[in-house]
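# Per-entry structural report
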Amino acid sequence: MKIAVIGHTGMGGKAIAEALVERGHEVTGLSRHPESVPSRKGLKSVALDLFDAAGLRETLRGQDAVISAFAAGHSHTPEPNIFYRQVEGTRRIIKAFKEAEAGYLMYIGGVSSLYVRPGVKMLDDDRFPQWYFGTAPAAFLRWLGSITGQQVFTDSAVRREQGKLGPDELDPAVSEFVKSAPVPPLIEGCRVALDLFEGRSDFSWSFLSPPWLYRPGPGSGTYHLGIDYMPFGNGRPLGINVPDFALAVVDAVEKKAFVHKHWTVSGPQNDA
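The structure presented is a predicted model; accordingly, all values stated were derived computationally and were not measured.

Next up on the list: the nonpolar core. Ile16, Ile67, Phe245 and Val249 are the most contacted members of the largest nonpolar core, which has 29 residues in total. Looking at this core, the element that brings in the most residues is helix α9 (residues 242-255), giving eight residues. When sequence neighbours within four positions are dropped, the list of residues in contact with Phe245 reads Ile16, Ile108, Leu208, Pro210, Tyr214, Ile240 and Val265. Membership of the second largest hydrophobic core comes to 28 residues, among which are Leu30, Val66, Ala72 and Ile94.

So, about the sheet that holds strand β10 (residues 224-227). With mixed pairing, the eight strands of this open sheet are ordered in space as β3-β2-β1-β4-β5-β8-β14-β10. Of all strands in the sheet, those with a lone pairing partner are β3 (43-47) and β10, marking the two edges. Going across the sheet, the axis of each strand differs from the next one's by a mean of 20 degrees, ignoring polarity. For strand β5 (residues 105-108) and strand β8 (residues 205-208), the ladder comprises four bridges, and the chain directions are parallel. If you follow Tyr107 over to β8, its bridge partner there is Phe207.

On to the environment of Arg200, then. Tracing the backbone shows Arg200 in the loop between α8 (185-195) and β8. Given the relative accessible area of 28%, Arg200 is considered partly exposed. Along the backbone, Arg200 and Leu170 are 30 residues apart, and their C-alpha atoms lie at a distance of 41 Å. Residues in contact with Arg200, not counting those within four places in the same chain, are Ile94, Lys98, Trp205 and His260. From its side chain, Arg200 meets the backbone oxygen of Leu196 in a polar contact 3.5 Å long.

Structurally, the position occupied by Thr59 is in helix α2 (residues 53-60). With near-sequence residues (within four places) excluded, Thr59 lies in contact with Thr28, Leu30 and Leu48.

Neither face of strand β4 (residues 65-68) is exposed, since Ala65 and Ile67 on one face and Val66 and Ser68 on the opposite face are all buried. When strand β1 (residues 2-6) meets β4, the two strands line up parallel, connected through four bridges. Along β4, the bridge assignment pairs Val5 with Ile67. Pairing of β4 with β5, which is carried by three bridges, proceeds in the parallel orientation. Counterpart to Ile67 in the pairing with β5 is Met106.

One pass over the structure, following the stated rule, counts 20 aromatic pairs. An angle of 85 degrees between the planes, with centres 5.8 Å apart, marks the rings of Tyr132 and Trp212 as edge-to-face. Remark: Trp212 occurs in the loop between β8 and β9 (213-215) and Tyr132 occurs in helix α4 (residues 130-134); sequence separation between them is 80 residues. For the pair Tyr132 and Trp212, one class covers both residues: buried. Ring geometry for Phe153 against Phe177: centres 5.7 Å apart, planes inclined by 90 degrees, an arrangement best described as edge-to-face. Taken as a pair, Phe153 in helix α6 (residues 151-161) and Phe177 in helix α7 (residues 172-179) lie far apart in primary sequence, 24 residues in all. Among the residues examined, Phe153 registers a relative accessible area of 5% and is labelled buried. One aromatic cluster in this structure is built from Phe128, Trp131, Tyr132, Phe133, Phe140, Trp143, Phe153, Phe177 and Trp212.

It is possible for side chains bearing opposite charge to pair when their charged atoms get close. Under the definition given, this model contains 20 salt bridges. When the shortest N-O distance is used, the salt bridge between Glu58 and Arg57 registers 3.3 Å. Taking the relative accessible area as the measure of exposure, Glu58 reaches 44% and is therefore partly exposed.

Their axes nearest at 9 Å, the elements α6 and α7 cross at an angle of 160 degrees. The orientation of α6 relative to α7 falls into the category roughly antiparallel. Classified by chirality, the crossing of α7 by α6 is left-handed. Facing α6, whose interface residues are Val152, Phe153, Ser156 and Arg159, α7 presents Ala173, Val174, Phe177 and Val178. Of the residues in the contact of α6 with α7, the class split is six nonpolar, one polar and one charged.

With that out of the way, let us pick up helix α5 (residues 138-148). Considered for burial, the residues of α5 that qualify are Ala138, Phe140, Leu141, Leu144 and Gly145. Angular distribution of buried residues about the axis of α5 spans 160 degrees; they occupy a single face of the element. At its buried positions, α5 is contacted by α4, α6 and β9. Remark: Gly149 follows α5 within two positions and exhibits a positive phi of approximately 75 degrees.

So, how was this worked out
Residues numbered from 1 in each chain as written. Predicted model: local features only at pLDDT ≥ 70, side-chain atom pairs only at ≥ 80, totals over all residues. Heavy atoms only, no water. Core = buried A, V, L, I, M, F, W, Y, C linked by side-chain atoms within 4.5 Å. Buried < 20%, exposed > 50% of the residue type's maximum accessible area, 1.4 Å probe, protein only. Helix = DSSP H or I, 4+ residues; strand = E, 2+ residues; numbered from the N terminus. Contact = heavy atoms within 4.5 Å. Pairing = 2+ DSSP bridges. Axes fitted to C-alpha atoms, helices over the stretch in contact; angles between N-to-C directions. Polar contact = N/O pair within 3.5 Å; in protein donor to acceptor, adjacent residues only side chain to side chain. Phe/Tyr/Trp six-rings, centres within 6.5 Å; stacked < 30°, edge-to-face > 60°. Salt bridge = Lys/Arg side-chain N within 4 Å of Asp/Glu carboxyl O. Parallel < 35°, antiparallel > 145°, perpendicular 65-115°, else oblique. Left-handed = near helix turned anticlockwise from the far one by under 90°. Nonpolar A, V, L, I, M, F, W, Y, C, P; charged D, E, K, R; others polar. Arc of directions from axis to C-beta.

Structure below.
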């Protein structure tokens, strides 16, 4: 298959592009700065901004499938431009995809679109953000510390690793730290992005929301699928490591699965 990956230099996009190439697909990666991805047989990297409407349309033309791993930015401060670029970028991806008459669009959004119980999505849960961050496992906390530069997450990871906090015990330091923190604009933008898909049947799409504890790590070669709801195990959010997430994406793209569905995926239940 000819498959375009939008955002193939990011954490998930890079792993997905690599997995597609390994399966023998002809992959075109789109990014503003593709030079960070080594060239290899089966992968063509294209430098492109989503706001180049004509360039995006022509690059998507003739593709059997398009995977959007696009993220407008990971700032944890309220930057309206990130929110705007995520929502407007999504609208432009849909428009270009339709005009290019490509085959199947998989959009990777965010965990904030998932329900935690009927009628309540993650960002509307009264446990967010204190409980979600305050009970996070050590591996996830270490990753948060590395990408945000906030020592409070790394310190919490150490306490969990040393057994000073139980697996379900709330870390008051983390809970207090995130209590008044603004919702990252990327998370808000991804929640709104789902509104641009739901209820539409004029093109072939699926919307994938990673679980809460999505992070780098070794793959297990297995995963569990879900629809609309955040995956939980023993009352705690489940996660998935990047290689297993990429595996699920490639499997779904090859099968053109979950058409007109909002779905999610998690790793083994102990991967929390």
